[in-house]
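Overview (structure and organization)
One-letter residues, chain by chain:
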Amino acid sequence: MTEVRRPEESTFPRAPWRRGSAWPFRRRRDVLPLARQAPPGADEDVRLHRRFLDRVIDYLAVDAGVRQFVDWGCPAPGTAARVRQRDPEAAVVRVVPAGVAGVVAEPGVPALSRADAAPTALLDRMSASGLVDFSEPLAVLMTRPFAAQEPPAWIGDLHTRMSGGGYLALAGASSHAVVEAAFSPFVPLEPGVADIGWWPYPDEDVPLPGTGTLGGLARAPGTVNTRRGRPRRWQ
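So, here's what we can say about the structure. The numbering scheme is per chain: residues are counted from 1 as the chain's sequence reads. A pLDDT threshold of at least 70 governs which residues receive local features in this predicted model, and a stricter bar of 80 or more applies before side-chain atom pairs are shown or counted, although totals over entire chains, interfaces and linings include all residues. Values shown for side chains rest on all heavy atoms present in the structure; no hydrogens or waters enter the calculation.

Salt bridges are defined by distance alone: a side-chain nitrogen of Lys or Arg within 4 Å of a carboxyl oxygen of Asp or Glu. Evaluation of the coordinates by the stated rule reveals seven salt bridges. The partner of Asp-54 in a salt bridge is Arg-50, and the shortest N-O contact between them spans 3.0 Å. Placement of the pair is Asp-54 and Arg-50 together in helix H2 (residues 42-63), with a separation of four residues, close to one helical turn. In terms of burial, Asp-54 and Arg-50 fall into one category: buried. Among the salt bridges present, the one from Asp-54 reaches Arg-82, with a minimum N-O distance of 3.7 Å. With Asp-54 in helix H2 and Arg-82 in helix H3 (residues 79-86), this residue pair connects regions lying 28 residues apart in the sequence. Each member of the pair Asp-54 and Arg-82 is classed as buried. The network of salt bridges with common partners includes Arg-50, Asp-54, Asp-58, Arg-82 and Arg-86. Where helices and strands are cited, they refer to DSSP runs of H or I of at least four residues and of E of at least two residues respectively, numbered from the N terminus. The classification of residues rests on relative accessible area computed with a 1.4 Å probe and restricted to protein chains. Under 20% of the type maximum is buried, over 50% is exposed, and intermediate values are partly exposed.

Structure below.
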């Protein structure tokens, strides 16, 4: 049986945040407009997903000090632009999912096709080619929602390679228990998983209809914050 670890405490902010924090929402009411108030179309789904990714990237690039990112098939464009807005020197690699048409290339972003190799082979290729350095903190953004009972089966292999620590963002169209278990052996940060429309607020704090997609962020145990020399603890 897969071990489900409880989210770590005091990792993500509880409003109000300190002045200068990279987190864009200082009060709970600031995040409520992001929640779904009417059934959206595809464009609205992409917008909400993009806002979720922006919040993840802002924390990782500005507060956690991560300087290398892998966009593993994220369904909303603009990941590299957001990363470089926060840190112009950060490296970004993109993995294009198999069977996905119409993916727009981003200038200066190396791209690998998921159709060409298994996930573990792609990880080895990234390392051998120097696209990523697993001895340094790395953020892997895997927010294309996985199917209800089909979480990625190779997360343990990713964790083993990340000798320098790092973070994993996931999203899934499943229950809280399934999505949170999919992070193992990464440790979810507070609040665990929540609807991507208002994460990092827990679902019980937002009395509005959600997107139906749960997401979250987890870290590899022992990850050191390169910006401050120790793991970030929100105040």
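Okay, the pairing of strand E8 (residues 214-219) next. Of all six residues that make up E8, six are buried, and the element is covered over most of its length. Side chains Leu-214, Gly-216 and Ala-218 project from E8 onto one buried face, and the interleaved Gly-215, Leu-217 and Arg-219 project onto a second face that is buried too. Pairing of strand E5 (residues 166-172) with E8, which is carried by six bridges, proceeds in the antiparallel orientation. In the sheet register, Leu-168 faces E8, and the bridge partner there is Ala-218. Sheet topology places strand E6 (residues 187-188) next to E8; two bridges connect them, and they run antiparallel. Directly across from Pro-188, in E8, lies its bridge partner Ala-218. For two strands to count as paired, DSSP must find a minimum of two bridges between them. Where strand E7 (residues 194-195) lies against E8, two bridges are found, and the strand directions are antiparallel. Bridging across to E8, Ala-194 finds its partner in Gly-215.

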